[in-house]
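Chain by chain, the residues run as shown.
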Amino acid sequence: MVKTLVSISVASALMLGCASESTAPSEQNSPLVYSCEQSNIDTADDLRIYQVMVESFVNGNPSIGHGTGYGTSHHMGDIQGIIDSLDYIQSLGMNGIWLTPIFHSIPIENQDHWADRLDATGYFATDYFSIDPRFGTLDDAKTLVEEAHKRGLYVFFDGVFGHHKSNVVPSPTGLTPVGEDNPVSYPESLPFFKEVAQYWIKELKIDGWRLDQAYQVPPQAWTEIRQAVDQASQSVTYVNSEGQTVNPLGYMVAEIWAGENRIIETGYGSEAAPALCSAFDFPVRYRLVETFAVNESGIGGRGGEWLAEGMNLHALYPSHAKPNLMIGNHDLVRFGDLLERGNITTPAEDEYWQRYKAAFSFQAAYTGPITTYYGDEIGDELAGFADRVESDCAIIGQCDDHVARTSGQVEGVNTTLNTKQSELRQYVAELMNLRVNHPALSKGTRTNVVADNMTYADVKQHQDESVLYIVNISADTRTISLSDTQLASLGSLTDLQDQQSIALESGNYSIPLSPYQGRFLRIDEPSGELPVPVIAEGSSGDSDPFMSACDNPTVLESGPISETLYVVGDFSDSGWTHQPSRAFEYKGNGVYQVVASESPGSYRMQYSSATWDPQFTAEGLSLKLGQENTLEYGGYGKDTTITLMEPGNYVWSLKFDASGEPLTLLAAKCGD
C-alpha cells in the first residue's frame, strides 16, 4: 500500500541530512550524505514489479511501432498495448510496472544492425524529454500512469544516466550530457540527469526509476540524484486506488550485473554514505537458475547449499540495501529456454512447469522487492532457440540478446492461454497474494534451517508471524522431517495455500513434498525462541598440507608449465584482468601457488596465461574452501565458483604432472 506520509518522511530525512535541499554540490565542503529514507525502504519490501519490454510486449495501436526493432523483428509494441493489459497485470497480484525506455531515439546514419536493434529499446535515447512516437504520445504516457495508479500499480521508468549516442538534444533548460558518449562524464553531467530524473516525476507523477548500467554513474552522483528524486516526489501528489492523496513513491533500483562487492562499491555505497538503496540481485538470480535450470553458459545441477550461500552473502551489504530478485529480464535468457538449453525438459513435459513453479516459489519467499519479467508467469520460451548459436542470430531474431524479447501474450487482450500456461499464471497470482497477506515473506528475518543437495528451507519471522518455506530440489516425491526445535514451534503447521495441517508428533514434523514443490507453512504456535540455523559444511582437514600452506618458498627450477599462470576472475581488484599480484609462482613438486588478499563474496574465476592459452578450471566448476578438486582444461563460460565468507589472505594452488597435465587445485585461508 502507498504510504500517505511520504512527504513528511522525506522532509524529515532532508533535515537529518548533512546538506539542505538548496545546497549545490559546488557549495559543499564535503560530499553530500543523504540517508535512505525509511518509509521508502519499508514500502520497497512490498514491491511486486512486472517488467514490460515496451517494443515487444503488446501492439495496441497498429498505426505505430518499430517493426524492425531487433534485426528483422516484427514487434510493434506500444504504450496503448500496456494500457490494454493493465487489468491483466493487476490480476497477477502485481503492484508495480517497470517500462523499458520510451524516450525518443533516432538512429545514427549508416550504423549496423546491432546498433539499429538497440535503438528500438530506448537505451540510447536522443531526446530524454519526449516520448518516442513509435511508442505513442505524451498523452498516452499520461493515461498509462493515471490508469495504473487507479489500479494500485506504481509506474517506474527506465533511466539511462550513464551513456547515449552523439545526438542528444538539450533539456528544457538547455542542458546536455558532458564528455564522452559511453560513459558520460561526472560530475559535469549531473545537472542534466537530475533534470531528467525530476522531469518525469513532475510531468507524469511516475513512482521512480530503474537505473540502467548504474555502475557508469559515481556513487556520490547517485546520492544527489536520489535526493533530487525524493524532492520531486515530495512536490507532487496523486490519488491512489484507495482514494488517498499520496506522493509518488520515489523508488530507485540499480542494474549492476556483477557480484556482491562490485554492487556495494558502485551502487549501495557505504554504511556511512549511502548511494543507492536498492539493486537487482544478480548474484542470487544466477544461483536460482543454476539450481532449478542452468545459467546462460549451461552450468547447473546446484543444490540448496548453493542457494543458502548466496542468501548468506546478503550480510555483506550495508543495512540500507534492499536487493530486488528477478528470475529473468530483457537481457537474460528466459528460464524456459535455459531449461531447454540444459537439455533438462521441454514445455511438453510436467517437469518444465514444476521447475518454473519452484523458481517462483523461491522468489515469493524472498525478503525484499521482487520483479517478474513479462511472459515468465506463463512459462514463455522461444521455440527453437536452444539450437541457434550462429553469428546471424540478431538478424533473424534468435540470439541471447533477443531471446527474452518474445511477443507478449496477454490473456483477454491478444491470446488465449493453454492449460499449463493458465495453471502457472494462477500459481504466480497465488504467490503474490501470499506476499500481500503474509508480511513475513516480504519483510521477514530469514533463518536457513535446511540446505542440502535436494532441499532448501527457511523460517521467515516478522512481528508475531512465522512461516516455513521449504522446496524440493529433485524430481522425486520426498518427505522431510524437521524438529520443533529447528523451527521454534510448539504446535501444528498449516499450509497457506491448501490449508492442510501437519501435526507435531514426537517432537517432529513430517512434511511431504512432490517433485520441485515449494510449500509455505505457517508455524501456528511460535515458541518465542529463534529457529536453529543449519551449520554450513566446513573445510575438510585431509587436504595436502603443502597445497594448503601459504609460506612455501618459490623455487628457481623450471616447472612443468612454461607460461605464467594467473588466477583471473571477477575480483574487485582485477575484474577479469591478469594482474601481477595474482600471478602463480612455482613451489616445486608440480605445485604453483599465489597468495592474495580477498574480500568476502562469491567469485567466478579461471586459471590462465595472459593469452588465455592454456586455461584451466575445476571439475564441476565449483571449489570449496580447503577441499581439493580435480583440475581440468577450461574455456569460455567454464568458470570455477567459490564462496568466501571472511576477509583475509588466501592461497590458490594448482598441481600438474611432469608433462604439464592438470591434476588438482585447492584454495585455503591463510592463518593469522
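Residues numbered from 1 in each chain as written. Predicted model: local features only at pLDDT ≥ 70, side-chain atom pairs only at ≥ 80, totals over all residues. Heavy atoms only, no water.

**Looking at the state of the cysteines**
Quick note on the threshold: Throughout, disulfides are identified as pairs of cysteine sulfur atoms within 2.5 Å of each other. Segments assigned H or I by DSSP are reported as helices when at least four residues long, segments assigned E as strands when at least two residues long, and all are numbered from the N terminus. Three labels apply to residues, based on accessible area from a 1.4 Å probe with only protein chains included: buried if under 20% of the type maximum, exposed if over 50%, partly exposed otherwise in between.
By the definition in use, this model includes 2 disulfides. Across the disulfide from Cys550 sits Cys670; the S-S distance is 2.0 Å. Its torsion about the S-S bond being -100°, the disulfide of Cys550 and Cys670 is classed as left-handed. One end of the pair, Cys550, is in the loop between α18 (545-548) and β21 (566-569); the other, Cys670, is in the segment after β29 (662-669), and 120 residues separate them in sequence. Cys550 gets classed as partly exposed once you look at its relative accessible area, which sits at 28%.

**What about the packing of aromatic side chains?**
This is how it is decided: Each aromatic pair joins two rings of Phe, Tyr and Trp (for Trp, the six-membered one) with centres within 6.5 Å, and gets the label stacked for planes under 30 degrees apart, edge-to-face for over 60, and tilted for any other angle. Only Lys NZ and Arg CZ are tested; either one counts as a charge over a ring when it is within 6 Å of the ring centre and within 35 degrees of the ring normal.
Inspection of the entire model under this criterion finds 38 aromatic pairs. Where Tyr469 meets Phe520, the ring centres are 5.2 Å apart and the plane angle is 35°; that geometry is what we call tilted. One end of the pair, Tyr469, is in strand β15 (residues 465-472); the other, Phe520, is in strand β20 (residues 518-523), with 51 residues separating them in the sequence. Here the aromatic residues Phe103, Tyr128, Phe129, Phe157, Phe161, Tyr186, Phe192, Phe193, Tyr199, Trp200, Trp209 and Trp222 are joined through ring pairs into a cluster of three or more. When the ring centre of Phe571 is taken as origin, the NZ or CZ atom of Arg582, which lies over that ring, is 3.8 Å away.

**Notes on the nonpolar core**
For clarity, the cut-off: Buried Ala, Val, Leu, Ile, Met, Phe, Trp, Tyr and Cys residues that are joined via side-chain atoms within 4.5 Å together make up what is termed a nonpolar core. Per the annotation, domain bounds derive from an automatic or database assignment of domains. The contact criterion used is simple: two residues touch if any of their non-hydrogen atoms lie within 4.5 Å.
One finds Tyr128, Phe157, Phe161, Trp209, Trp222 and Phe520 to be the most contacted residues of the largest nonpolar core, which totals 135 residues. Lining this core are residues from two domains, each supplying at least three of them: domain 1 (38-437) and domain 2 (443-526). Apart from residues no more than four positions distant in its own chain, Tyr128 is found in contact with Phe103, Val160, His163, His164, Val168, Phe192, Phe193, Val196 and Trp200. With 24 residues, the next largest nonpolar core counts Phe571, Val594, Ala618 and Leu665 among its residues.

**Examining unusual backbone geometry**
A cis amide bond, omega 5°, links Asn182 with the succeeding residue Pro183. You can see Pro183 is positioned in the loop between β5 (154-159) and α7 (190-204). For the bond running from Asp613 to Pro614, omega is 10°, close enough to zero to count as cis. Within the secondary structure, Pro614 sits in the loop between β24 (601-608) and β25 (615-618). Backbone geometry at Gln499 places phi at a positive 65°, although glycine is not the residue there. Along the chain, Gln499 falls in the loop between β17 (493-495) and β18 (501-502). Positioned with a positive phi, Trp612 is a non-glycine residue whose angle comes to about 65°. Note on Trp612: relative accessible area 32%, which makes it partly exposed.

Nothing here speaks to function; it is geometry throughout.
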